[in-house]
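Chain and residue survey
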Amino acid sequence: MTATLERPSETVEVKKKRPVTPARVALHVFLVLTCLMTLAPLLWAVYASLRTYEDTSVNGYFSIAKSLTFENFAKAWEIGDLPHFYWNTFLITVPALVITLVLSSMVAFGVSRFSFKFNIALLMLFTAGNLLPQQVIVTPLWRLYRLIELPAWVSESESLIDSPLGVILIHIAFQMGFCTFVLSNYMKTIPYELTEAARVDGASVFRQYWQLTLPLCRPVLAALATLEFTWIYNDFLWALVLIQDGDKMPVTSALQNLKGTFFTDNNLIAAGSLLVALPTLVVFFVLQRQFVGGLTLGSTKG
């Protein structure tokens, strides 16, 4: 007597392929062309930076290179004195970024976790700061900075003019509005019962903020840190207006050192531009996962 084994019935779900329609093909063609148009300047800068000045002067920029070399990067690093200007940018970007995130997270915690009379008005005040064009206050801010006296150990000019502190303060003032708006909206998605439980257990307000709320905001803080680092690092307006000593300028001004008196080597400038942009790319790739996660958090919440 032979036993027969019956295979349990299995339900196989077959995913139906979406039909290829002319509209779908047109959409993909549009996306590919848009991506190429966005990357074209960057790819052209990379191509130009690898060519010599003699090659482009004889054959033109719209030609096939006879040879490729990394010599322009070494020359840009040395002639532009990039390490010195990297340090100047570090002294401005890192303090401005850290202080902005700390202060904006404190304000966001207050307006999102506590209810008081001017709660909404305070949040609207910080948000309205994003609507003011920065160029509008250039002249009054410069005059105000000239009137503020500082000790010599804080600023060599004994004022906020020609001082990294002045640039840091204006970055904090303009970036806090956006960070407060984003952080307050995210903190509102955190269950309020967590704060109530901590309060019942005797946790102080600062402990609720520092040990309970901030750890839950790591993804959105990483996303904001990536954006803010890029914005502050790439800013040239306030450094140009508020700093008079060329040795104190940020790295974006180092490209001026690569321009000659009688001619300009565009290949050398292209190499310098790529070196200047390199730190922002490094920060983005390091925080890429947190950046994407911070942007998509809350997108599926009702």
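Residues numbered from 1 in each chain as written. Predicted model: local features only at pLDDT ≥ 70, side-chain atom pairs only at ≥ 80, totals over all residues. Heavy atoms only, no water.

- Under an unreviewed UniProt entry, the name given to the protein chain is Multiple sugar transport system permease protein, and the organism recorded is Lentzea jiangxiensis.
- Its UniProt record gives the protein chain a comment under Sequence similarities (unreviewed entry), which states: "Belongs to the binding-protein-dependent transport system permease family."
- UniProt, in the comment section headed Subcellular location (unreviewed entry), describes the protein chain in these words: "Cell membrane". (UniProt positions renumbered as here; feature names shortened; annotations may be inferred.)

Some points on the overall build of the protein chain
- If you tally the helices and strands in the protein chain, you get 13 helices and zero strands.
- When the helices and strands of the protein chain are read in sequence order from the N terminus, they spell out α-α-α-α-α-α-α-α-α-α-α-α-α.
- Taking contacts inside the protein chain between residues at least 6 apart in sequence as the whole, the part at least 24 apart equals 72%.
- With the model as given, the accessible surface of the protein chain reaches about 19,600 Å², and the carbon-plus-sulfur share is 67%. (Helix = DSSP H or I, 4+ residues; strand = E, 2+ residues; numbered from the N terminus. Contact = heavy atoms within 4.5 Å. Areas by Shrake-Rupley, 256 points an atom, 1.4 Å probe, with all protein chains shown as cover.)

Here we look at the UniProt feature "transmembrane region" (unreviewed entry) in the protein chain
- The residues that UniProt annotates with the feature "transmembrane region" (unreviewed entry) are residues 25-47, 85-109, 121-145, 165-183, 216-233 and 268-287.
- In residues 121-145, helix accounts for 64% and strand for 0%; the two terminal C-alpha atoms are 28 Å from one another.

Re the pattern of salt bridges
- One pass over the structure, following the stated rule, counts three salt bridges.
- Residue Asp55 is joined to Arg51 by a salt bridge in which the shortest nitrogen-to-oxygen separation is 3.4 Å.
- Given the relative accessible area of 7%, Asp55 is considered buried.
- Arg51 sits in the buried class, given a relative accessible area of 1%.
- Shared partners join several salt bridges into a network, and the residues in it are Glu156, Asp162 and Lys248. (Salt bridge = Lys/Arg side-chain N within 4 Å of Asp/Glu carboxyl O. Buried < 20%, exposed > 50% of the residue type's maximum accessible area, 1.4 Å probe, protein only.)

Comments concerning the packing of helix α9 (residues 205-216) against helix α10 (residues 218-234)
- Close contact between α9 and α10 brings their axes to 5 Å; oriented N to C, the two are set at 70 degrees. Relative to α10, the element α9 is oriented roughly perpendicular. On the side of α9, the interface is formed by Leu214, Pro215 and Leu216, while α10 contributes Arg218, Pro219 and Leu221.
- Taken together, the residues of the contact of α9 with α10 break down into five nonpolar, no polar and one charged. (Axes fitted to C-alpha atoms, helices over the stretch in contact; angles between N-to-C directions. Parallel < 35°, antiparallel > 145°, perpendicular 65-115°, else oblique. Nonpolar A, V, L, I, M, F, W, Y, C, P; charged D, E, K, R; others polar.)

Description of a nonpolar patch on the surface
- Where nonpolar side chains cluster on the molecular surface, the patch consists of Val98, Ile99, Val102, Leu103, Met106, Phe206 and Trp210 and spans about 620 Å² of accessible area.
- For the nonpolar patch, the secondary-structure elements that each account for two or more residues are α4 (82-113) and α9.
- If one sorts the elements of the nonpolar patch by residue count, α4 sits on top with five residues.
- Assignment of secondary structure puts Phe206 in helix α9. (Patch = residues over 30% accessible without salt bridge, like charges linked within 9 Å, V, L, I, M, F, W, Y side chains within 5 Å.)

Let's talk about the environment of Arg289
- Within the fold, Arg289 resides in helix α13 (residues 288-296).
- For the pair Arg289 and Ala222, spaced 67 residues apart in sequence, the C-alpha separation works out to 9.2 Å.

What to know about the nonpolar core
- Counting 56 residues, the largest nonpolar core has Tyr145, Ile170, Cys217, Trp238, Leu242 and Val251 as its most contacted members.
- Counting residues per element, this core draws most heavily on α4, at 11 residues.
- The contact partners of Ile170, leaving out residues within four places of it in the chain, are Ile137, Leu141, Tyr145, Trp238 and Leu242. (Core = buried A, V, L, I, M, F, W, Y, C linked by side-chain atoms within 4.5 Å.)

Examining the confidence of the model for the protein chain
- With 89% of its residues at a pLDDT of at least 70, the protein chain reaches an overall mean of 84.
- Mean pLDDT values for the elements of the protein chain range from 67 in α13 up to 92 in α4.
- Here residues 298-302 is a poorly scored stretch, pLDDT under 50, and it has one contact once near neighbours within four places are set aside; other chains count. (pLDDT = per-residue confidence, 0-100.)

A short note on the packing of α4 against helix α7 (residues 164-187)
- At a minimum axis distance of 7 Å, the contact between α4 and α7 shows a crossing angle of 35 degrees. When you trace α4 past α7, the crossing you get is right-handed.
- In the contact of α4 with α7, the residues fall into 19 nonpolar, eight polar and one charged. (Left-handed = near helix turned anticlockwise from the far one by under 90°.)

Section: the packing of aromatic side chains
- According to the stated counting rule, one finds 14 aromatic pairs in the structure shown.
- A ring pair is formed by Trp87 and Phe90, whose centres lie 5.3 Å apart and whose planes are at 20 degrees; its orientation type is stacked. With a gap of three residues between them, Trp87 and Phe90 both fall in helix α4, about one helical turn apart.
- A relative accessible area of 42% means that Phe90 is categorised as partly exposed.
- With 5.6 Å between their ring centres and 20 degrees between their planes, Phe229 and Tyr233 make a pair best called stacked. Remark: Tyr233 and Phe229 occur in helix α10; sequence separation between them is four residues, near one turn of the helix. Per residue, the accessibility class of Phe229 equals that of Tyr233, and both read buried. (Phe/Tyr/Trp six-rings, centres within 6.5 Å; stacked < 30°, edge-to-face > 60°.)

As for α7
- Here α7 spans 32 Å end to end across 24 residues, near enough to the 34 Å set by a 1.5 Å rise per residue.
- The sharpest bend along α7 measures roughly 35 degrees and falls at Gln175. (Expected span 1.5 Å × (residues − 1). Bend = angle between axes of the 7 residues up to and from the residue.)

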